[in-house]
Amino acid sequence: MKFNSNKITIFTIAAVMVLFIGISFFACENFVPNNAATALVNQPNEALSGGATTVFDQSVNAFALPVPTLSSQDELLFFVGNSFFNQNWVQAPSSTTARDGLGPYFNAKSCSGCHFKDGRGQPPASIGQLSEGFLLRLSVPGTDKNGGPVGDKNYGLQFQDHAIDGLLAEGIFQLQWEEISGNYPDGTTYHLRKPIIIFDKLNYGEMSSDILISPRVAPQMIGLGLLEAIDEKTILALVDEQDKNQDGISGRANYVWNHITQQQQIGRFGWKANEPTILQQISGAFNGDIGIRTQYFKDQHILPTQKKAATFPNGGETEIDNDDLEKLHLYSATLAVPARRDITDKNVIAGKNIFMALNCNACHVDKMVTGTHPKFNVLSNQTIQPFTDLLLHDMGPGLADNRPDFLASGTEWRTPPLWGIGLFKTVNKHTFYLHDGRARNLEEAILWHDGEAANAKNGFMQLKESERKQLLQFLQSL
Ligand code: HEC
Ligand code: HEC
Ligand SMILES: [Ca+2]
Ligand SMILES: [Ca+2]
Ligand SMILES: [Ca+2]
């Protein structure tokens, strides 16, 4: 393996050390960059990505299982929550009042319509195809009174491409793809693609000329309660806003508005860490994605140009009651993380060494210990391998959506957890990665890294082809 210079290696070691002070010291022991052959042996519990909450299913249901340590009572609630996740909401009025109130504007009729099999969504393949877990966030420049984005006057904060019978959807969009090619230093060619969003139809007037659009796919639902159980101070210990250790990486936390508690709070969920809690994320999803009102979000967001929508019947002031919302909350927090596979394969082990040596784990942090989960105690005190720091990083202009979201700038994204990414193909029958699904495989996902991750990307490009393969094999084992 080639390295840019010894300096980078030293910085890397320093980075790893700084990152893990306050958490633990084991990462340094792992770190044997120049001798892949003798390097890292697997740690005890290497396969247990979710600690004692890990499950061992590698099938199409790998993301759909409850943590095995749930009490039998909570397991029952989990399965009721599961039915709320899967059920299609219908237009009011309906004889099935327990699930009416869809819309008036919406993106999908159920959570699982986007988070299919609790897995990863994908961008629409062709015009006219229903998007499976893909949506467009919208805003205009500026911030609202809580520091969040400001909606477009005719289309709000999200483009809803469906509406109930009798109303026009907000419109139709399609993606076109710009192809980009490049070469590795060894001469091998690679190809990338970048989406261009085209609105074929806008049914409620013009969009602002300074509209900001952020395309996003639905993330996999696993391990979310574990991420919520990480203490704030554990996350903040990873912040290096001034890049004091000079490794080029300066992660910072997003702070977002918690509508439920009415205060600023560290953001953890969403592609820009734009949501503070699972409860708010799922209530927001009901409201924005399906048009279902909860105790927390009662506004139907009917804009002045959409007044006709207000004349249609709705499912009541709240369209799902709080008891049922809490079951979905438990469900969303306790979907288990599947165990790693092939951990004794020598290529996988070599790939992990390369991952550490390239400092990928400065952002994709390989080990953390959860604190106390305020609600679901089985998630507390777990040693987990999430491969995220939950922080925002400037990823360069290529990935930028140029749409700020609370403190996240137009070029910043939250490091996504890498646990489970090798199973997308099994669970969701595709291998699209990154916030908008532009990467067609893991290799393309790495090649899009830039900005704070430029060193890591350049290090990857300078690897021998066989070493690149080993790194990808390691990622497949997650
Ligand atoms: C139209 C597709 C769609 C529907 C329907 C949908 N989601 Fe999502 N979901 C997304 C997208 C896209 C994101 C990423 C949002 C962002 O970055 O702002 C997301 C994010 C999430 C997250 C945060 C995951 C993470 O890793 O940060 C949770 C939890 C979630 N959704 C739960 C739900 C639940 C529960 C429902 C049903 C009430 C639901 N979603 C309905 C598309 C959808
Ligand atoms: C500076 C922080 C940083 C470093 C260093 C970094 N990444 Fe990432 N990584 C990110 C962020 C942020 C994203 C999400 C970007 C997006 O979706 O636009 C990401 C996305 C990914 C994804 C796609 C995940 C998904 O769920 O779609 C993979 C795979 C990945 N990184 C692997 C790596 C590897 C391998 C390395 C080392 C060669 C690396 N990363 C180094 C921050 C980093
Ligand atoms: Ca409704
Ligand atoms: Ca809208
Ligand atoms: Ca740094």
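Shown above is the structure to which this text applies.
Residues numbered from 1 in each chain as written. Chains lettered and ligands numbered in written order. Predicted model: local features only at pLDDT ≥ 70, side-chain atom pairs only at ≥ 80, totals over all residues. Heavy atoms only, no water.

Asks: Which residues make up the site of ligand 2, and what values go with them?
Replies: Around ligand 2, a shell composed of 27 residues is seen, among which C360, C363, H364, H435 and H449 lie nearest. Within the side chain of H364, a nitrogen or oxygen atom sits 2.9 Å from a nitrogen atom of ligand 2. The separation between an oxygen atom of ligand 2 and a polar side-chain atom of H435 is 2.6 Å. Counting only elements with at least two residues in the shell around ligand 2, the list comes to β13 (412-414) and α10 (442-447). Top contributing element to the shell around ligand 2 by residue count: α10, with three residues. (Near = heavy atom within 4 Å. Polar contact = N/O pair within 3.5 Å; in protein donor to acceptor, adjacent residues only side chain to side chain. Helix = DSSP H or I, 4+ residues; strand = E, 2+ residues; numbered from the N terminus.)

Asks: Give a detailed account of the sheet that holds strand β3 (residues 149-150), specifying residues and quantitative values.
Replies: In space, the three strands of this open sheet follow the order β3-β2-β7, with antiparallel pairing throughout. Across the chains shown, the open sheet's two edge strands, defined by having one partner strand only, are β3 and β7 (212-217). (Pairing = 2+ DSSP bridges.)

Asks: Hey, could you go over unusual backbone geometry for me, with residue numbers and the actual values?
Replies: Going from A92 to P93, the amide bond is cis rather than trans, its omega being -5°. Here P93 lies in the loop between α3 (72-86) and β1 (105-106). Omega for the peptide link from G103 to P104 comes to 10°, which places this bond in the cis form. Following the sequence through the fold, P104 ends up in the loop between α3 and β1. You will see that Q246, though not glycine, has its phi angle at about 55°, which is positive. Looking at the element boundaries, Q246 is found in the loop between α5 (232-236) and β8 (255-258).

Asks: For the pairing of β8, give the residues involved together with the corresponding values.
Replies: The pairing of β8 with strand β9 (residues 263-266) spans four bridges and is antiparallel. Counterpart to N258 in the pairing with β9 is Q263. The antiparallel hairpin formed by β8 and β9 contains four residues in its connecting segment, where Q262 sits at a positive phi of about 60°.

Asks: Explain the coordination of the calcium ion (ligand 5) to me, using residue names and the numbers behind them.
Replies: Every protein donor of the calcium ion (ligand 5) is listed here as D240 (OD), D243 (OD), N245 (OD1), D247 (OD) and I249 (O), and their distances to the metal cover 2.2 to 2.4 Å. Taken in sequence order, the residues that donate to the calcium ion (ligand 5) follow the motif D-x2-D-x1-N-x1-D-x1-I. (Donors = N, O, S within 2.8 Å, 3.2 Å for Na, K, Ca; no water.)

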